[in-house]
Structure formats: C-alpha cells, structure tokens
Amino acid sequence: MKKNQLGTSDLYISEIGLGCMSLGTDVEKGIRIIHEALHTGVNFLDTADLYDFGINEEIVGKAIKGRRGEVIVATKVGNRWNENKDSWIWDPSANYIKAEVKESLRRLQTDYVDLYQLHGGTIEDPIDETITAFEDLKKEGLIRHYGISSIRPNVINEFVKKSNMVSVMMQYSLLDRRPEELFPLLKEKQVSIIARGPLAKGLLTEKIKDKTTAQVFEKGYLDYSYDEIVAINGEIQDLLIPPQTVNNIALRYPLFNETVATIIPGASSIEQLRENVQETIKNQITLEQYEKLQAITKPSIYMQHRI
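First, a word on scope: everything that follows refers to the structure included in this document. (Residues numbered from 1 in each chain as written. Predicted model: local features only at pLDDT ≥ 70, side-chain atom pairs only at ≥ 80, totals over all residues. Heavy atoms only, no water.)

## Section: the overall build of the chain
Next up, step 1: When you go through the chain residue by residue, the secondary structure sums to 11 helices and 12 strands.
Next up, step 2: Here the C-alpha radius of gyration of the chain, 19 Å, is about what a compact globule of 307 residues would show, namely 19 Å.
Next up, step 3: When the 307 residues of the chain are sorted by exposure, 56% land in the buried category.
Next up, step 4: A separation of at least 24 residues holds for 75% of the contacts in the chain among residues at least 6 apart in sequence.
Next up, step 5: In the form shown here, the chain has an accessible surface area of approximately 13,800 Å², with 49% of it arising from carbon and sulfur atoms. (Helix = DSSP H or I, 4+ residues; strand = E, 2+ residues; numbered from the N terminus. Rg over C-alpha atoms; globule rule 2.2 N^0.38 Å. Buried < 20%, exposed > 50% of the residue type's maximum accessible area, 1.4 Å probe, protein only. Contact = heavy atoms within 4.5 Å. Areas by Shrake-Rupley, 256 points an atom, 1.4 Å probe, with all protein chains shown as cover.)

## Overview of the packing of aromatic side chains
Next up, step 1: Per the counting criterion, the structure on display carries seven aromatic pairs.
Next up, step 2: With 5.0 Å between their ring centres and 10 degrees between their planes, Phe134 and Tyr146 make a pair best called stacked. Linking Phe134 in helix H4 (residues 127–140) with Tyr146 in strand E9 (residues 143–149), this pair joins segments that are 12 residues apart in sequence. Accessibility classification places Phe134 together with Tyr146 in one group, the buried group.
Next up, step 3: Between Phe217 and Tyr221, the aromatic rings sit 6.2 Å apart at their centres with planes inclined by 70 degrees, giving edge-to-face as the arrangement.
Next up, step 4: Given a relative accessible area of 11%, Phe217 falls into the buried group.
Next up, step 5: Using a relative accessible area of 7% as the deciding quantity, one classes Tyr221 as buried.
Next up, step 6: Taken together, the ring pairs connect Tyr172, Phe183, Tyr253, Phe256 and Tyr290 into an aromatic cluster.
Next up, step 7: For the cation-ring pair, Arg68 lies above Tyr112, with the distance from its terminal atom to the ring centre recorded as 4.1 Å. (Phe/Tyr/Trp six-rings, centres within 6.5 Å; stacked < 30°, edge-to-face > 60°. Lys NZ or Arg CZ within 6 Å of the ring centre and 35° of its normal.)

## Let's talk about the packing of helix H1 (residues 27–40) against helix H10 (residues 270–281)
Next up, step 1: Contact geometry for H1 and H10: axes closest at 9 Å, N-to-C directions at 25 degrees. Taken together, the axes of H1 and H10 are roughly parallel relative to one another. Crossing of H1 over H10 shows right-handed handedness. Facing H1, whose interface residues are Arg32, Ile33, Glu36, Ala37 and Thr40, H10 presents Ile270, Leu273, Arg274 and Val277.
Next up, step 2: Here the contact of H1 with H10 is composed, by residue class, of five nonpolar, one polar and three charged. (Axes fitted to C-alpha atoms, helices over the stretch in contact; angles between N-to-C directions. Parallel < 35°, antiparallel > 145°, perpendicular 65-115°, else oblique. Left-handed = near helix turned anticlockwise from the far one by under 90°. Nonpolar A, V, L, I, M, F, W, Y, C, P; charged D, E, K, R; others polar.)

## Examining the pattern of salt bridges
Next up, step 1: Following the criterion strictly, the structure yields 22 salt bridges and no others.
Next up, step 2: The shortest N-O distance in the salt bridge between Asp136 and Lys98 comes to 2.8 Å. Separated by 38 residues along the polypeptide, Asp136 in helix H4 and Lys98 in helix H3 (residues 94–108) bring together distant segments of the chain.
Next up, step 3: In this structure, Glu228 and Lys298 form a salt bridge, with 3.5 Å as the shortest nitrogen-oxygen distance. With Glu228 in helix H8 (residues 226–239) and Lys298 in the segment after helix H11 (287–296), this pair connects stretches of sequence that are 70 residues apart.
Next up, step 4: You can call Glu228 partly exposed: its relative accessible area is 32%.
Next up, step 5: Given the relative accessible area of 26%, Lys298 is considered partly exposed.
Next up, step 6: Salt bridges sharing common partners tie together Asp10, Arg68, Asp114 and Arg144. (Salt bridge = Lys/Arg side-chain N within 4 Å of Asp/Glu carboxyl O.)

## A few points about unusual backbone geometry
Glycine aside, the phi torsion of most residues is negative, and most peptide linkages are trans.
Next up, step 1: Following Pro242, the chain continues into Pro243 via a peptide bond in cis, with omega recorded as 10 degrees.
Next up, step 2: For Pro243, the location among the structural elements is in the loop between H8 and helix H9 (246–255).
Next up, step 3: The phi angle at Gln190 is positive, at roughly 60 degrees, despite the residue not being glycine.
Next up, step 4: Position of Gln190 among the secondary structure elements: in the loop between helix H6 (183–188) and strand E11 (192–196).
Next up, step 5: One non-glycine residue with positive phi stands out, namely Leu222, at about 55 degrees.
Next up, step 6: When you line up the elements, Leu222 lands in the loop between helix H7 (211–216) and H8.

## Points about H9
Next up, step 1: Of all 10 residues making up H9, 10 are buried, and the element is well covered by its neighbours.
Next up, step 2: Among all positions in H9, only Val246, Asn247, Asn248, Ile249, Ala250, Leu251, Arg252, Tyr253, Pro254 and Leu255 are buried.
Next up, step 3: Where H9 is buried, its residues meet E11, H8, strand E12 (260–264), H10 and H11.

Laid out in structure tokens, this is it:
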C-alpha cells in the first residue's frame, strides 16, 4: 500500500483510508471491518465525535487497542449534541475543543490523536481562538497535528493564512470537482487534501444500474441530472483499459493530483472494504485518461462562502 506524507507533518498515510462513519453501531462488525482494513495495508482511520453519539470513536478505540502504533487516527470536533441528542449546535470555542478532545481520547482509548480536525466552520467563527486551542493541544501532546473538514473557500483561506494546519478534508470526486480551484493554494502552502466521497454516493459504480439508485437520485446530484450521470458512466466505460473498472477509475481520479494525500470511501461490510482497496491499488490512470475524464465532467466551483 502506497503511503503519502500528510502536508508537512510526520504522518505518512495510506493512499486509501477508511471513513468510519458508515460502520454502524454493531461493535463486533465494526471491529472486524477495521481489522480487515489494517490487514489490507490501510493505516488511516477517520472518525468524529459526532458519529453515533461517540459510539463510532468507541468502536475505533476497541479495534486499535494493542495496535496503536500501526494506525493514524483522525477525529473531528465542533458539533455539540444537545441534552436530548436530537440535534446539535456549532461550537468552535477553545473551551469546548479542549474539553471534547479528552472525551475523544477516552472513547478512542488512547492518549493522543494523530490528526484533530475542526468539523466544519464559518467565517464568523473565532478562528484565532480555535487555532490557538489546536496549537495548545499540540504543545500538551494530546494531538500531533490538526486540520479542518470544510468545503468553504473563505474558511479554508483563513486557516491557510493563519494556522499550521496540515490538511483539509473535502468532498471530492469526478462528479464534484469543486475542490480543484483550491489546489494551487493548498499545494503552494503544502496542505494536503483528504478526499471524502470519491464514489459520489455510489453513482460512480455499478450501482448506477440499480432501480433504487435511479429513484433516490431521480432529481440528480449537485449540478448533474441523473441522465447526465448515466451518460458519464457510459463514457467512462469507453475509456477503460482492461482490467480497469468504473470503480477503479473513480477511486484513482482524486489521487492523480499530488495535493490529495488519501481518499476515504466508507465501508459498511468487509466485502465493500476489500473491493474499495483492490480497486484503488490495482491500476493507475493515465494522463490521457485523466484529461478525458476532465473533459466529460464539469469543472464546478463553490458558489457560496467565497468572501
């Protein structure tokens, strides 16, 4: 499994990680999936305190117990459940971040987090206070590095300018190329991208043929109609060089740009995990394929949160 440096950090993460959000709440099943991920060479696990009220972090903690040195653990902070746990509020304050990291450490059964990420953010946030909190946690040894999970250009620009963050997590796929406008800046500042959703909710897989998929995405996906997505899948098929598959092309596309350190598709079963890993590592895409893929998809940009 190829490993890439995350930003300027000393973290070297597998080019495909495991997005743990889709593990569910079956503890034993979740542990089995994580153990299989480690067996295949995946060393990067991404979770968040928000997922299943912290149960997700607990599953990760149980799975990596006794294997902490093998794993790069990333989690997120900023979304605070209310007492009834039926909604949450946004809280990027230093007090909350410093208190919540200790809860994450408890659930993860570890004494440090490799990558601590702000789980969102707005330009109205007390950004300097948030950055100071992350820097303090680094000094205390509770986190090794920090980043943000955001799709807002104005927020990303502020953190790039003011902080020592090493990564930005963004939704990025052939059907959502909006992050590409930020690549030059992030490359210049040596900030890596963690690409979530590389399969675009299954639309860049054989699932496109399922009736259920057609019903769910009847109104399309982002600025694509369902018919456009079907057509794009057909055009991808025409570009394949055996034994490539649509899944393979979709997973490799984000990784073609060196600014992307890893992709993190989710997996709700061992079979799905194995397929994702195999499809990622088996075949590269060529420059010619990459350029043709860009020609048949839309170079969309973020329309909001720009200033």
